[in-house]
Amino acid sequence: MLRLRETVRGKTAKISILLLLLALLPLTVANGACGSSRTHITVLCAGSLIVPFEKLAEEFEAAHPGFDVLVEGHGSIQVIREVTELHNEADVMVVADQSLLPMLMYGNKVPGSADDYANWYIRFATNRLGLAYTSQSKYAAEIGSANWYEVLSRPDVKVGISDPRIDSCGYRALMACQLAEDYYTDDAVFESVMGGFSPPLTVNEESDSYVILVPQAVNSTKVTVRGYSVQLIGLLEVGELDYSFEYESVARQHGLEFLELPAEIDLSSEGFAGLYSEVTVKMDFQRFASIDPEFRGEPIRYALTIPNNAPRPGAAIEFVEFLLGSDGQAVFAESYQPTLVPPEADNPASMPARLKSLLEE
Amino acid sequence: MTPEPTGDPRKAGASRLRKVAPILTLGLICIVAAVLVYAHPWQGDASESDIEWSLTLVGSSGENVTLSLKDIKAMESAMSQGGFFTTTGVVHGPYDVKGVRIEDLCDLVGGLGPSDGVLVSAVDGYSAFFEHDEIGGNISTYEYGAAAGDLKEVPHENLWLTLMYEQDGKALSDDDGKPLRLAVAGDDRLLTEGFRWVRWVDRIEVITSG
């Protein structure tokens, strides 16, 4: 009988184990966690950084087998909204406009906490605006930094920009055309390159500065407007466009020709920050209730932070160290993404101690 | 043969209960796990009409109508197909879209004039504006299966804006914009830009341009 009881107990145990496994199976499969105990790191980055960040994730995982990096690309404002308004989790956040982090995260409290969403950021990369084209683009053999606006104004040349209401590359293209008027001392550059909009884009001159007003609807008979720059690349490649305004890194990552514009126009140089700030783009359309749709010209500076509600701050620090270190620099160089060496922080006192040493040359 | 011991029947019952308790507990865990994983109760089902949600429609002359989800589902529905891609070219869908056409909703507040557009807004403060010809389907479409950087713009026959409440035969999940999302879809399984697919829609306003 004792043996019988043991057998019954044994059967009970086996059935219990079987049921436990059955219970755990769907959870395991659903979470995609079969055999994986790696620490996840969620990185939200600006869309124009997606190529280097996917490479960074791959190389970081190879060097750190205990981590699994998930990279999601969004527009820069959306990167922040994902955390502050949609309450999705992120360990590292990277935007294409450094001013957005203090604007939207500093002083903005994490629900149920005394902490701001963030209180420091690191500037670590730059870019420049220019013209992407192919060898098949009309007048490709004659376009240069002295005559680009004249080539683009020709009626048979098809020009593209990303939607200035949606994409930072789009409103920066408008800024560049306005800056070109002063640089080339030609008041017709903006209208001749960015013409054909109905209702029109208007430029108001206000005591040494220019305000470009973008209407609620953006439609042009001359300029092709698409939501995202990735769409313009496709159109360039099939010959539907001759030129599009793009960031240098994006154009080169896709194997396109890239015409550099003078530094006074291309929004790359800290030395011309004062000049860039003379141009503001103001939208008639408010896409986000929380964002004043007004953007002032400034040098393009990519910035990152680890939000104060990051679920895995230690892992985030590990990833940022890799990104800012020599391995990360190599990935950025391969991806034609210019970097700031050493990187700069706006508020080093609030940063994790381990990251402070990366700010020193 | 030794007879089975006969003791207090309450003790015997308790002993049996102790034996089957783990099985019952695990069985319960199994059922709960299966329900959580497969049935997605948080996602609801297609018949979920009584979610508290208000959609405000505003006409060009300021006329106002508020509809519940139930009211919207009682309207004539439209079926279409379409998907979208993100700023980095990540493709979502295409989906089978069921909902109410935007023109039908606008008809409840005076309709759309020849120069009218619509501003579609959501509870999270996000908005997208559609010009009159975009409401009529004049929106660039892309081929399904295109990868990032390799998006192929293709023409389309019919395309329209739908206030979607069912995606692939199911009510929308929270992430997909439960309970109402703006979808750009038509007869073909084509893709459009994701910024137009407004989630959690709670307001549609007719705006006269110029």
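Quick caveat: nothing in here was measured; it's all calculated off a predicted structure.

Residue and element names in this part refer to chain A. In terms of domains, chain A is made up of domain 1 (39-126 + 300-359) and domain 2 (129-296). Averaged C-alpha coordinates put domain 1 and domain 2 at centres separated by 28 Å. In terms of residue count, the dominant contributor to the side of domain 1 that touches domain 2 is helix 3 (residues 76-84) (3 residues). Among the residues making up the side of domain 1 that touches domain 2, the classes are represented as 5 nonpolar, 7 polar and 3 charged.

A few words on helix 3 of chain A. All names here are of chain A. Most of helix 3 sits inside the fold, with 8 of its 9 residues counted as buried. Along helix 3, the residues classified as buried are Ser76, Ile77, Gln78, Val79, Ile80, Arg81, Val83 and Thr84. Check the buried side of helix 3 and you find it contacts strand 1 (39-46), strand 2 (67-74), strand 3 (92-95), helix 4 (100-105) and helix 6 (168-183).

All names here are of chain A. If you look at the biggest cluster of nonpolar residues, it comprises 153 residues, and the most contacted ones within it are Val92, Val95, Ala176 and Phe319. Looking at this core, the element that brings in the most residues is helix 6, giving 9 residues. Once you skip the residues sitting within four places of it in the chain, Val95 turns out to touch Ala46, Ser76, Val79, Ile80, Leu100, Leu101, Tyr302 and Ala303.

Residues and elements named next belong to chain B. Tracing the backbone through its elements, the reader meets Gly113 in the loop between helix 3 (102-107) and strand 5 (116-122). In this structure Gly113 comes out as partly exposed when scored by C-beta crowding, with 15 C-beta atoms within 10 Å. The spatial distance from the C-alpha of Gly113 to the C-alpha of His132 is 8.4 Å, given a sequence separation of 19 residues. When sequence neighbours within four positions are dropped, the list of residues in contact with Gly113 reads Ser60 and Thr208.

Here we take up the pairing of strand 4 (residues 91-101) of chain B. Residues and elements named next belong to chain B. Bridge count between strand 3 (residues 78-85) and strand 4: 7 bridges; the pairing is antiparallel. Note that in strand 4 the partner of Phe84 across the bridge is His92. From the end of strand 3 to the start of strand 4, which pair antiparallel, there are 5 residues, and Gly89 there has a positive phi angle of about 90°. Here strand 4 runs beside strand 9 (residues 159-167); their pairing, made up of 5 bridges, is antiparallel. Looking across to strand 9, one finds that Val97 is bridged to Gln167.

Here we come to unusual backbone geometry. In this chain, Ser198 of chain A is followed by Pro199 of chain A through a cis amide linkage whose omega measures -5°. In this chain, Gly93 of chain B is followed by Pro94 of chain B through a cis amide linkage whose omega measures 5°. Along the chain, Pro94 of chain B turns up in strand 4. Even without glycine at this site, Ser207 of chain A takes up a positive phi of about 30°. Mapped onto the fold, Ser207 of chain A is located in the loop between strand 7 (202-206) and strand 8 (209-214). By C-beta crowding, Ser207 of chain A is classed as exposed, having 5 other C-beta atoms within 10 Å.

All right, on to the sheet that holds strand 11 (residues 257-260) of chain A then. All names here are of chain A. With mixed pairing, 5 strands are arranged side by side in an open sheet as 9-6-10-5-11. The open sheet has two edge strands with one neighbour each: strand 9 (223-226) and strand 11. With direction set aside, neighbouring strand axes in the sheet form an average angle of 35°. As defined by bridge partners, strand 6 (residues 159-162) adjoins strand 9 across 4 bridges and the pair is classed as parallel. What sits directly across from Ser162, in strand 9, is Arg226. Sitting on the sheet, helix 6 touches strand 5 (129-133), strand 6 and strand 10 (243-247), and the angle it makes with strand 10 is about 110°.

Another point: the environment of Ile139 of chain B. Residues and elements named next belong to chain B. Position of Ile139 among the secondary structure elements: in the loop between helix 4 (132-135) and strand 7 (141-142). A tally of 21 C-beta atoms within 10 Å means that Ile139 is categorised as buried. In sequence terms Ile139 and Leu67 are 72 residues apart; their C-alpha atoms lie 28 Å from each other. Sequence-distant contacts of Ile139, that is, excluding residues within four places in its chain, are made with Glu134, Leu159, Val184 and Thr192.

All names here are of chain A. One open sheet holds the 4 strands; their spatial order is 7-8-12-13, and the pairing between them is mixed. With partners counted over all chains shown, the strands left at the sheet margins are strand 7 and strand 13 (294-296), one partner each. Here the average twist between neighbouring strands, direction ignored, is 20°. Its contacts with the sheet place helix 6 against strand 7, strand 8, strand 12 (279-283) and strand 13, and it is angled at close to 140° to strand 12.

Cut-off values and rules
Residues numbered from 1 in each chain as written. Chains lettered and ligands numbered in written order. Predicted model: local features only at pLDDT ≥ 70, side-chain atom pairs only at ≥ 80, totals over all residues. Domains from an automatic or database assignment. Helix = DSSP H or I, 4+ residues; strand = E, 2+ residues; numbered from the N terminus. Nonpolar A, V, L, I, M, F, W, Y, C, P; charged D, E, K, R; others polar. Buried ≥ 20, exposed ≤ 12 C-beta atoms within 10 Å, placed from the backbone. Contact = placed C-beta atoms within 7 Å. Core = buried A, V, L, I, M, F, W, Y, C linked by C-beta atoms within 7 Å. Pairing = 2+ DSSP bridges. Axes fitted to C-alpha atoms, helices over the stretch in contact; angles between N-to-C directions.

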